[in-house]
Protein chains: 2
Amino acid sequence: MPEPPDFSNWSCPLPLRDYPTIAMGHGGGGKLSAELIEHLFLPAFRNDALANLGDASIVPLTGERLAFSTDSFVVRPLFFPGGSIGDLAVNGTVNDLAVSGARPVYLSVGMILEEGFPIASLARIADDMAKAARSAGVQIVTGDTKVVERGHGDGCYINTSGIGLVTHAQEIGPTHAQVGDAVIVSGTLGDHGTAIMSVREGLEFQTTIRSDTAALNVLIEHVLQAGNSAVHVMRDPTRGGIASSLNEIATASKVGVVLEEKSLPVRAEVRAACELLGLDPVYVANEGKVLVFVAGSRAQGVLEAMRAHPLGRDSVVIGKVSDQHPGMVVAHTMIGATRVIPMQIGEQLPRIC
Amino acid sequence: MPEPPDFSNWSCPLPLRDYPTIAMGHGGGGKLSAELIEHLFLPAFRNDALANLGDASIVPLTGERLAFSTDSFVVRPLFFPGGSIGDLAVNGTVNDLAVSGARPVYLSVGMILEEGFPIASLARIADDMAKAARSAGVQIVTGDTKVVERGHGDGCYINTSGIGLVTHAQEIGPTHAQVGDAVIVSGTLGDHGTAIMSVREGLEFQTTIRSDTAALNVLIEHVLQAGNSAVHVMRDPTRGGIASSLNEIATASKVGVVLEEKSLPVRAEVRAACELLGLDPVYVANEGKVLVFVAGSRAQGVLEAMRAHPLGRDSVVIGKVSDQHPGMVVAHTMIGATRVIPMQIGEQLPRIC
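Residues numbered from 1 in each chain as written. Chains lettered and ligands numbered in written order. Predicted model: local features only at pLDDT ≥ 70, side-chain atom pairs only at ≥ 80, totals over all residues. Heavy atoms only, no water.

*Asks:* Quick question: what am I supposed to make of the overall build of chain A here?
*Replies:* Helix and strand content of chain A: ten helices and 14 strands. Over its C-alpha trace chain A gives a radius of gyration of 20 Å, about what one expects of a compact globule, namely 20 Å for 353 residues. If you line up chain A on its principal axes, its C-alpha atoms span 65 × 55 × 45 Å. The buried share among the 353 residues of chain A stands at 64%. Put simply, 83% of the contacts in chain A that link residues at least 6 apart link residues at least 24 apart. (Helix = DSSP H or I, 4+ residues; strand = E, 2+ residues; numbered from the N terminus. Rg over C-alpha atoms; globule rule 2.2 N^0.38 Å. Buried < 20%, exposed > 50% of the residue type's maximum accessible area, 1.4 Å probe, protein only. Contact = heavy atoms within 4.5 Å.)

Structural data, given as structure tokens:
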């Protein structure tokens, strides 16, 4: 018979004491996620690569620099306007590698399927994954499938892990933002999260809002060619939206970030949906956008390179890095005030990816 | 609103038509798993590395040979005699890399947690993973956590993916078995599956049966040093037991495998439990054993090297490769008969890893 688990030698660090059990927000990419990582996973797994907290880890192997990343996808519904869990699972890991400055090369796929899930739906998902992989120029080279009993899953959960190769010399990561950097975003905010929520809530809008799921690796190659060592941070603002990504970067780099609210690009239909749903687009997930921190003097060149790519056509400078209020993100509002944009605490949009 | 998924262009290959929905056996590592891979995933993701069907894929990167592997773990219960889902998740991927002939180096961890899961249990699992990783000499360098609503999971599902490095010259894999090879197993059969089932069924045995979960990478280094290019196939017989692994190898290498039933090592308490539960130990999962196919002339040297390692103390030759009945596994029984040991069709032991 199994011994009862002995947790007596684990002293719960303070911030987790408020949550003796897992809450939805622990998977939301906001403050609770960060606490779980900082106070539970990092102390357990401690090593330099993990402590960097990038979207992918950059690790040495036989003289090369490898990027290694993993992401699980539990989005509901599995199919939505603009994509499916299959597209998301491939593009998400491709993007995590790319924003770390790596060229994505190989992916693995781990499926957890629920008994009774239609084979035809699985075929459709596999097909979406294959198309997304071809489009991004990566190969799916290894996989695994587990099945859980009816009622113990949601049809299909997917993990993708990816290997990339870092070939340039500069270090890019959330700790490298510098005062004077311009903050560029590659297009409109909140499309993915709003698309999912509007389907899930059964809301009817005049225009269907489509997820922006896309592989950003080619766009990011253009960013690196144009900006080179002036590119300091790249991040795909998924769960928790740009607010969470910018807060993480501000904290990690010990700098302030100042946004100009009027320059934040949000589609009219997304803005309308967010108002109906009570969401702030800066907290809503994107799945095909990249934030770029680049030295101010080089921002124009990078912006032009991004706009020349179809996925970066709507790129715009949304703010800058300041030596004021390190660790904080603030926005100059349209009425001339300044508001703090804090890290998201709970889970505004569960199961968005 | 989302378009209804269009499956019209997917023509279900014949073997899957019998199962329009996912059955437990599609995750069991037996015949249904193989059909899903052959008729759905391979056609979708087709590439050479995947088609090899090894436990890990061996892929080229900047002149090196990388091994890349992924595995999801959905075992119930999460804690059992001899280990936990945390140990399994680390050792399982370490072993998949090692049996492919690679030295395991880096792991990723993707967690899917259920709302309400105790933080203390998660800490215990993370601790088990960290200890297993240290013991195997690998680093956990990247991770991801998602949370699903209460009732949509089983506390904790874990995916681990791993990167290894292949440094020797020979090719090792399920297609390389040769007539005249001896088949060695590194110890007793069925310990893991029987341990899980006896806990789950609430069976009381005089002796507690413990899972054999262990990292085999050092034992396998000894195998490679002793056997070198005479080592043709290595495999960790997990889901579906040695029966499924041997059938896969027999099919992939187009050879026959002949087992001597009396030489199959099974602990008395495991044999008793299997009789009670109606299980055949050759189909029961192992999580700390390796099957080695080595040229007959070199078998003794490899056997001695394996027995010199604590995890291989009970290694024994259990059979040989024959040019008879290619693609089949047969056993000479203790009463002098010969029985066919087919691939497992359904799922004898669900959720065993």
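*Asks:* Help me understand the confidence of the model for chain A in this model?
*Replies:* Of all residues in chain A, 93% attain a pLDDT of 70 or more, and the chain-wide mean is 91. Here residues 1-9 of chain A is modelled with pLDDT under 50, and outside its nearest four sequence neighbours on either side it reaches 18 contacts, counting other chains as well. (pLDDT = per-residue confidence, 0-100.)

*Asks:* Help me out: how do you make sense of the domain arrangement of chain A in this one?
*Replies:* In many analyses, interface size is given as the accessible surface area lost on bringing the parts together. Residue and element names in this part refer to chain A. Domain boundaries in chain A define domain 1 (1-46), domain 2 (55-166) and domain 3 (181-340). Just the C-alpha atoms count here: the centres of domain 2 and domain 3 sit 23 Å apart. Opposite the 20 residues of domain 2 that make contact, domain 3 presents 21 residues. A combined buried area of about 1,800 Å² lies between domain 2 and domain 3, and 58% of that area is made up of carbon and sulfur atoms. Area buried by domain 2 at its contact with domain 3 is led by P81, N95 and V99, which between them contribute 30% of it. Applying the counting rule to domain 2 against domain 3 returns zero salt bridges. Run the count over domain 2 and domain 3 and you get six residue pairs in polar contact (both at pLDDT 80 or more). Here the side of domain 2 that touches domain 3 takes nine residues from helix α4 (residues 85-99), the largest share from any one element. Residue composition of the side of domain 2 that touches domain 3, by class: ten nonpolar, six polar and four charged. (Domains from an automatic or database assignment. Buried area = accessible area lost by both parts, 1.4 Å probe. Salt bridge = Lys/Arg side-chain N within 4 Å of Asp/Glu carboxyl O. Polar contact = N/O pair within 3.5 Å; in protein donor to acceptor, adjacent residues only side chain to side chain. Nonpolar A, V, L, I, M, F, W, Y, C, P; charged D, E, K, R; others polar.)

*Asks:* Which parts of the structure should I look at to understand helix α6 (residues 191-200) of chain B?
*Replies:* Residues spaced three or four apart along an α-helix face the same direction, because each turn holds 3.6 residues. All names here are of chain B. Of all ten residues that make up α6, nine are buried, and the element is covered over most of its length. Residues of α6 that are buried sit in contact with β3 (79-80), α4 (85-99) and α9 (268-277). Directly beyond the C-terminal end of α6, a positive phi value near 65° is found at G202.

*Asks:* I would appreciate a short explanation of the interface of chain B and chain A in the present structure.
*Replies:* Counting from both sides, the interface comprises 97 residues of chain B and, opposite them, 97 residues of chain A. Carbon and sulfur atoms supply 67% of the area buried between chain B and chain A, which totals about 8,200 Å² over both sides. At the junction of chain B and chain A, the tally comes to eight salt bridges. In this structure, A:R239 and B:D144 form a salt bridge, with 2.9 Å as the shortest nitrogen-oxygen distance. Remark: the boundary between chain B and chain A carries 30 residue pairs in polar contact (both at pLDDT 80 or more). Per-class residue counts for the side of chain B that touches chain A are 54 nonpolar, 25 polar and 18 charged.

*Asks:* What is the right way to read the sheet that holds strand β13 (residues 329-332) of chain A from this model?
*Replies:* The pairing of strands in a sheet comes from backbone hydrogen bonds and takes either a parallel or an antiparallel form. All names here are of chain A. In spatial order, the strands read β9-β11-β8-β12-β10-β13-β14; together these seven strands make up an open sheet with mixed pairing. Of all strands in the sheet, those bounded by a partner on one side alone are β9 (231-235) and β14 (338-340). With direction set aside, neighbouring strand axes in the sheet form an average angle of 25°. Taken together, the four bridges between strand β10 (residues 256-260) and strand β12 (residues 316-322) define a ladder with antiparallel strand orientation. Across the sheet, the residue bridging to V257 is V321, located in β12. (Pairing = 2+ DSSP bridges. Axes fitted to C-alpha atoms, helices over the stretch in contact; angles between N-to-C directions.)

*Asks:* How should the pairing of strand β1 (residues 57-61) of chain A be read in this particular structure?
*Replies:* Across a regular strand the side chains alternate sides, sitting on one face of the sheet and then on the other. All names here are of chain A. Only one face of β1 is covered, namely the one carrying S57, V59 and L61; the face carrying I58 and P60 has none of its residues buried. Across five bridges, the pairing between β1 and strand β2 (residues 64-73) is antiparallel. In the sheet register, I58 faces β2, and the bridge partner there is A67. Two successive antiparallel strands, β1 and β2, enclose a turn made up of two residues, where T62 displays a positive phi of approximately 45°.

*Asks:* Help me out: how do you make sense of the sheet that holds strand β7 (residues 156-166) of chain B in this one?
*Replies:* All names here are of chain B. Pairing in this open sheet of five strands is mixed, and the strands run β1-β2-β7-β5-β6 from one edge to the other. Only two strands of the sheet have a single neighbouring strand rather than two, namely β1 (57-61) and β6 (139-148). Taking each pair of neighbouring strands and ignoring which way they run, the sheet shows an average axis angle of 20°. Sheet topology places strand β2 (residues 64-73) next to β7; nine bridges connect them, and they run antiparallel. Directly across from F68, in β7, lies its bridge partner I163.

*Asks:* Looking at this structure, how should I read the pairing of strand β11 (residues 291-295) of chain A?
*Replies:* Residue and element names in this part refer to chain A. Summarising burial for β11: five of the five residues are buried, a large majority. Inspection of the sheet shows strand β8 (residues 181-185) paired to β11 by five bridges, in the antiparallel sense. Pairing of D181 across the sheet is with A295, part of β11. In terms of strand pairing, β9 meets β11 through four bridges, oriented antiparallel. The partner of V231 across the bridge, within β11, is V294.

*Asks:* Would you mind going over the relation of the copies chain B and chain A with me for this structure?
*Replies:* The operation relating the pair of chain copies consists of a rotation about an axis and a translation along that axis. Overlaying chain B with chain A gives an RMSD of 0.0 Å, the required rotation being 180° about an axis along which the chain moves by 0.0 Å. Overall, the copies show the geometry of a two-fold rotation axis. A share of 100% of interface residues in chain B that are also interface residues in chain A marks the association as one of identical surfaces. (Least-squares fit on C-alpha atoms with pLDDT ≥ 70 in both.)

*Asks:* Any chance you could explain the packing of α4(B) against helix α5 (residues 119-136) of chain B here in plain terms?
*Replies:* Between two packed helices, both the angle of their axes relative to each other and the distance between the axes serve to describe the pair. Residue and element names in this part refer to chain B. In the contact formed by α4 and α5, the axes pass within 7 Å of each other and the chain directions differ by 30°. What the angle tells us is that α4 and α5 run roughly parallel. With respect to the hand of their crossing, α4 and α5 are arranged in right-handed fashion. Residues I85, G86, D87, A89, V90, N91 and V94 of α4 form the contact with α5, whose participating residues are I125, D128, M129, A132, A133 and A136. (Parallel < 35°, antiparallel > 145°, perpendicular 65-115°, else oblique. Left-handed = near helix turned anticlockwise from the far one by under 90°.)

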